[in-house]
Structures are given as structure tokens and as C-alpha cells.
Amino acid sequence: MVKSPRTGGSAGGVDHIVREIRFPGIRTQIVSAIVSLSDREYQERVWIRRELPRPGYYDEFDLAVHSLFDDSPILPSPAPGCVGELIHADEEVPLARLGEVLSPLIDELGDVSDAEYVHSAQCTVA
């Protein structure tokens, strides 16, 4: 499990990292999307094999993308005013870098399955 740099706690439970943010519910969605994008084992298990952690649970690559690009003004680059509203100041540059990587990948692959994204050459780490 990923440790939160802000509190040292587990990033799997995101409640502790939404304090001091104006819109903590949206931030929770943003953090959840980033955590899922950063966890290859989770992607294989949940997005591809559909081994869900509990009944009624839903997650997929498209959900992460929509949370970051469409449902919030975070990607492809954090919009002005996001700091303090949705993100902390030290997260702005890393999120812009994520957008620099994720945007071209989405443009290149388009509407393909989660498995095709996860197993694409751009996402495969040697």
C-alpha cells in the first residue's frame, strides 16, 4: 500500500489527505484515480480480471481518466485556482507531468480496452 507523504498514513484510505481543501469530495476522487493509475497489480486485478474488492464496487481506466480530465480541472494540467480548492501546491507540478504523459497516451490509443492500455508499450515498465 502506498504511504501518503502528507501524513505517513495509507493512501488506500484517502480521508486523511483531504483536510484543508475546499472541495474534499472531489479531491477524494482525484486521489483515488491517481492511486489506481499508479498500481499495476490493482489494474490487472480490478480493471482487467474484474476481481472486485466488494459487491457493488466499480472501477476502470475510463473512470480514472474521466475523474482527472472531465470531472475536475486537474488534467491535462491543473487549472488556475486548483491549489487550495482541489490540490496542494506541491502537487501542481507532478500533476502537470502526469498530464504530459497521459494525454498523448490517450490520444494515441483512443477507445481501447483497459487491458490494451495496461499492456501498451508506453505503460510497460521493464
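Please read these numbers as outputs of a predicted model, since none were measured by experiment.

Calculation rules
- Residues numbered from 1 in each chain as written.
- Predicted model: local features only at pLDDT ≥ 70, side-chain atom pairs only at ≥ 80, totals over all residues.
- Heavy atoms only, no water.
- Core = buried A, V, L, I, M, F, W, Y, C linked by side-chain atoms within 4.5 Å.
- Buried < 20%, exposed > 50% of the residue type's maximum accessible area, 1.4 Å probe, protein only.
- Helix = DSSP H or I, 4+ residues; strand = E, 2+ residues; numbered from the N terminus.
- Contact = heavy atoms within 4.5 Å.
- Arc of directions from axis to C-beta.
- Axes fitted to C-alpha atoms, helices over the stretch in contact; angles between N-to-C directions.
- Parallel < 35°, antiparallel > 145°, perpendicular 65-115°, else oblique.
- Left-handed = near helix turned anticlockwise from the far one by under 90°.
- Nonpolar A, V, L, I, M, F, W, Y, C, P; charged D, E, K, R; others polar.
- Salt bridge = Lys/Arg side-chain N within 4 Å of Asp/Glu carboxyl O.

**Q** Just to check I follow, could you spell out the nonpolar core for this structure?
**A** Nonpolar side chains in soluble globular proteins tend to be buried together. Counting residues in each nonpolar core, the largest one holds 19 residues, and the members touching the most others are W47, F61, L68, I74, L86 and I87. Every element with two or more residues in this core is listed here: α1 (24-37), α2 (40-48), α3 (61-69), α4 (92-109) and α5 (114-118). Per element, the largest residue contribution to this core is four residues, and it comes from α3. Look past the residues within four positions of L68 in its chain and what remains in contact with it is I30, A33, I34, L37, I74, L75 and L98.

**Q** Quick question: what am I supposed to make of α3 here?
**A** Because an α-helix completes one turn every 3.6 residues, residues spaced three or four positions apart along the sequence face the same direction. By the burial criterion, the buried members of α3 are F61, A64, V65, S67 and L68. On an axial view of α3, the arc spanned by its buried residues comes to 160 degrees, and they lie on one face. Residues of α3 that are buried in the fold lie against α1, α2, α4 and α5.

**Q** I'm lost on the packing of α3 against α4 in this one. Help?
**A** At a closest axis distance of 12 Å, the pairing of α3 and α4 adopts a crossing angle of 125 degrees. On the basis of the axis angle, α3 is oblique to α4. Pair α3 / α4 crosses with left-handed handedness. In contact with F61, V65, L68 and F69 of α3, α4 contributes L98, L102, S103 and I106. Its residues placed into classes, the contact of α3 with α4 shows seven nonpolar, one polar and no charged.

**Q** In this structure, what is going on with the environment of V83? I would like to understand it.
**A** The topology assignment puts V83 in the loop between α3 and α4. Taking the C-alpha atoms as reference, V83 lies 9.5 Å from R22; in sequence the two are 61 residues apart. Among residues more than four places away in sequence, those in contact with V83 are H88, A89 and E92.

**Q** Mind showing me how you'd approach the pattern of salt bridges here?
**A** Side-chain pairing between opposite charges can occur once the charged atoms of the two side chains come close. Under the definition given, this model contains five salt bridges. E44 is paired through a salt bridge with R40; the nearest N and O atoms lie 3.4 Å apart. Placement of both E44 and R40 in helix α2 is noted, with a separation of four residues, approximately one turn of the helix. Overall, the relative accessible area of 32% leaves R40 in the partly exposed class. In this structure, R45 engages E41 in a salt bridge whose closest nitrogen and oxygen atoms are separated by 3.0 Å. Here E41 and R45 lie together in helix α2, a separation of four residues that amounts to about one turn. By relative accessible area, E41 is classed as partly exposed at 45%.

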